[in-house]
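Structural description and commentary
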Number of protein chains: 2
Amino acid sequence: MAARPTSKTSESSDKVSVICRALRRAIIEQALEPGAKLPEDSLGERFGVSRTIARHALGQLAAEGLVELRRNRIAVVATPSWQEARDAFDIRIELERLVVRQLAGKLTKAQIAELNAHVDAEDGARGGADAVSIRLATEFHILLAQMTNSPILVRYVSEVAYRCCLTLSLYSRPHSTECAINEHRAIISALAKGDEAKVMELMHHHLDSVANRALVAPTPQRGRDLLDILAPYADEVAGNRVVKLPKVARRG
Amino acid sequence: MAARPTSKTSESSDKVSVICRALRRAIIEQALEPGAKLPEDSLGERFGVSRTIARHALGQLAAEGLVELRRNRIAVVATPSWQEARDAFDIRIELERLVVRQLAGKLTKAQIAELNAHVDAEDGARGGADAVSIRLATEFHILLAQMTNSPILVRYVSEVAYRCCLTLSLYSRPHSTECAINEHRAIISALAKGDEAKVMELMHHHLDSVANRALVAPTPQRGRDLLDILAPYADEVAGNRVVKLPKVARRG
DNA sequence: GGACACCAAACTGCATGCAATTGGAGCGCT
DNA sequence: AGCGCTCCAATTGCATGCAGTTTGGTGTCC
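Here the structure is a predicted model, which is why all the values come from computation and not from measurement. (Residues numbered from 1 in each chain as written. Chains lettered and ligands numbered in written order. Predicted model: local features only at pLDDT ≥ 70, side-chain atom pairs only at ≥ 80, totals over all residues. Heavy atoms only, no water.)

**Thoughts on the overall build of chain A**
When you go through chain A residue by residue, the secondary structure sums to ten helices and three strands. Listed N to C, the secondary structure of chain A is α-β-α-α-β-β-α-α-α-α-α-α-α in terms of helices and strands. Within the span of chain A, comprising 252 residues, buried residues form 49% of the whole. Residue pairs in contact within chain A that sit at least 24 positions apart in sequence constitute 74% of those at least 6 positions apart. Counting only carbon and sulfur atoms, one obtains 52% of the accessible surface of chain A, whose full area is about 12,500 Å². (Helix = DSSP H or I, 4+ residues; strand = E, 2+ residues; numbered from the N terminus. Buried < 20%, exposed > 50% of the residue type's maximum accessible area, 1.4 Å probe, protein only. Contact = heavy atoms within 4.5 Å. Areas by Shrake-Rupley, 256 points an atom, 1.4 Å probe, with all protein chains shown as cover.)

Here is the structure:
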């Protein structure tokens, strides 16, 4: 069989799902920055649904790690720490290696054409907004995952890719998509040739370099949790246990 | 640093979370078998909450893949196909290899003691109900994941482990936990010694043999979706596209 | 000027109510 | 009996309402 026959993994067409998709996209395109407030009322009003639905949608996105939900507090777009970002990329590397391992040499010509078409689209978007480039690059990886036809794998790759996307907007310097596009092409080519070891290595390297390009260092100013920033200084406070800090406003 | 300092990943104490935990446990202990119906009303009544809350909880569990939600239909405990079960184990292997890779040689004595204590508990439960053994074995893996102190990794390992647990109840023959316990001990030992390559190999082998013990073959009778069973026959139907089957009762 | 107490607006947590959809029992027809 | 039809109880999809909590601003006192 050429990979596995295709089937859909899409969400149902609930109002909840619609809102989830909209918010997800807004988040990964950085229309909603990390930390942005998401009051249930406003969302409901904006999407023409009741607060119940908006709330449910927020719950789903929280389960995906895109939104942070604190009791009795306004939901906000997640603000992963630098370490969490690195962890996400590490997981992503393993998952996507698995994807290409399953796919190597098993793609139909139609599927390869689809992948190439997608990369062409990425290429075409190079002049446009950065956010679109990032989204397309992410969707390339999700497209790959979908071709495994393993719903679980699709879900995890999608989630973790979105999370990585989110961290890029936090920690990344202005994006350079050029090499990423070339790397995508190289991956397609190796997949077509069926060189399992090589494509796994390519994917590993690709994601690692994306991570390294982005997560250059625990950039001290942006996106770090106040508690983390203060941690080294807390030692100097006399008679203060560092382990359990008192309640402090997070990211005032 | 000895692994990373421990912090909690628990869910908040919402009513929703309470119900989620209860259902999750009921599912992995097979008190609720795959396919079992979960009407919102009944759940709400049982847990002393409104339908709204029960519904929200079901949404969360659906996001984790433990529950299947179909529009306008009663929610049911998920019934993964054999292929999905195999996919889940494949993903789990990669994730848990990552766990032990991060942990090798980095555990404190206290953590090793905790792991040993857990395995002792598994040992002590050998006489008891099968469901408890399975749950404890699963929790061992989650405990490991928690020691990485990577919330994302904890979440994914937990989810996929629960899913695997679920599939065991579908496809597994009467469980033999003996060797699993020994394998757990071997993993702890290798982790303590810090032999990264070996512990990854051990974990790989451990999970692979759990999967093979359980998923012996696509058992034709139980747990298979009617559509899957019929798929080979559909080819013979004249002029019928196999891709899109008409609506058919699933698992009548 | 700065710290503190207090209050109103904003927001969440949850239950309830109503319309729409489903599935299955009952019933008649062949 | 087997098949199809109708109709109703069961159940979901969703909005609204009320109570409790947080937030941010104001006034007061030192």
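So much for the structure itself; the text now carries on.
**Quick look at the nonpolar core**
By size, the foremost hydrophobic cluster in this structure holds 139 residues, and its most contacted members are Leu144 of chain A together with Leu144 of chain B. The element contributing the most residues to this core is helix 7 (residues 151-171) of chain A, with 13 residues. Leu144 of chain A has contacts with Val99, Val100, Leu103, Leu115, Ile187, Leu191 and Met203 of chain A, leaving out every residue within four places of it along the chain. (Core = buried A, V, L, I, M, F, W, Y, C linked by side-chain atoms within 4.5 Å.)

**Considerations on the protein's contact with DNA strand D**
Neighbouring DNA strand D are 17 residues; Ser50, Thr52 and Arg73 of chain A together with Arg51 and Arg55 of chain B lie closest to it. The sugar-phosphate backbone supplies 67% of the atoms of DNA strand D found within 4 Å of the protein. Within the side chain of Ser50 of chain A, an N or O atom sits 2.7 Å from a phosphate oxygen of DNA strand D. In the environment of DNA strand D, a phosphate oxygen lies 3.1 Å from a nitrogen or oxygen atom belonging to the backbone of Asn72 of chain B. At the level of secondary structure, the elements contributing two or more residues to the surface near DNA strand D comprise helix 3 (51-64) of chain A together with helix 2 (40-47) and helix 3 (51-64) of chain B. Looking at which element gives the most residues to the surface near DNA strand D, the answer is helix 3 of chain A, with three residues. (Near = heavy atom within 4 Å. Polar contact = N/O pair within 3.5 Å; in protein donor to acceptor, adjacent residues only side chain to side chain.)

**Regarding the packing of aromatic side chains**
Here the structure, examined in full by the defined rule, presents one aromatic pair over all chains. Centroid distance Tyr156 of chain A to Tyr156 of chain B: 4.9 Å. Interplanar angle 25°. Geometry classified as stacked. Of the two residues, Tyr156 of chain A sits in helix 7 while Tyr156 of chain B sits in helix 7 (residues 151-171), which places them in two different chains. Under the relative-accessibility criterion, Tyr156 of chain B is labelled buried at 0%. (Phe/Tyr/Trp six-rings, centres within 6.5 Å; stacked < 30°, edge-to-face > 60°.)

**Some words on the relation of the copies chain B and chain A**
For the match of chain B to chain A, the screw axis carries a shift of 0.0 Å, the RMSD comes to 0.0 Å, and the turn is 180°. Classification of the inter-copy transformation places it as that of a two-fold axis. (Least-squares fit on C-alpha atoms with pLDDT ≥ 70 in both.)

**Some points on the interface of chain B and chain A**
Many structure descriptions define interface size as the accessible area lost when the parts assemble. On the side of chain A, 31 residues touch chain B, which itself brings 31 residues to the contact. Around 2,700 Å² of area is buried between chain B and chain A when both sides are counted, 53% of it from carbon and sulfur atoms. In this structure, the connection of chain B to chain A is made through six salt bridges. Its salt-bridge partner being Asp14 of chain B, residue Arg71 of chain A comes within 2.9 Å of it at the nearest N-O pair. Taken together, chain B and chain A are joined by 14 residue pairs in polar contact (both at pLDDT 80 or more). Broken down by element, the residue count for the side of chain B that touches chain A peaks at eleven residues, all from helix 4 (residues 82-103) of chain B. The residue makeup of the side of chain B that touches chain A, split by class, is eleven nonpolar, seven polar and 13 charged. (Buried area = accessible area lost by both parts, 1.4 Å probe. Salt bridge = Lys/Arg side-chain N within 4 Å of Asp/Glu carboxyl O. Nonpolar A, V, L, I, M, F, W, Y, C, P; charged D, E, K, R; others polar.)

**Digging into the pattern of salt bridges**
Residues and elements named next belong to chain A. By the definition in use, this model includes 36 salt bridges over all chains. Notably, a salt bridge pairs Arg185 with Asp120, separated by 3.2 Å at the nearest N-O pair. Of this pair, Arg185 sits in helix 8 (residues 178-193) while Asp120 sits in helix 5 (residues 109-124); the two residues are 65 residues apart in sequence, bridging distant segments of the chain. By relative accessible area, which is 30% here, Arg185 ends up partly exposed. A salt bridge links Glu139 to Arg135; its shortest N-O distance comes to 3.2 Å. Residue Glu139 and its partner Arg135 are both found in helix 6 (residues 130-147); the two are separated by four residues, about one turn of the helix. Assessed through its relative accessible area of 12%, Arg135 is described here as buried. Look at the salt bridges and you will find they share partners, linking Arg25, Glu29, Arg135 and Glu139 into a network.

**Some remarks on the side chain of Arg86 of chain B**
Residues and elements named next belong to chain B. Note on placement: Arg86 falls in helix 4. Taking relative accessible area as the criterion, Arg86 reaches 15% and is therefore assigned buried. Beyond its immediate chain neighbours, meaning those up to four positions away, Arg86 contacts Ile93, Asp208, Ala211, Asn212 and Leu215.

**A look at the protein's contact with DNA strand C**
The immediate surroundings of DNA strand C are formed by 17 residues, with Arg51 and Arg55 of chain A together with Ser50, Thr52 and Arg73 of chain B found nearest. Per the 4 Å cut-off to the protein, sugar and phosphate atoms form 68% of the nearby atoms of DNA strand C. Within the side chain of Asn72 of chain B, a nitrogen or oxygen atom sits 3.4 Å from a sugar or linking oxygen of DNA strand C. Looking at the surface near DNA strand C, the elements with two or more residues in it are helix 2 (40-47) and helix 3 of chain A together with helix 3 of chain B. Per element, the largest residue contribution to the surface near DNA strand C is three residues, and it comes from helix 3 of chain B. Residue composition of the surface near DNA strand C, grouped by class: four nonpolar, four polar and nine charged.

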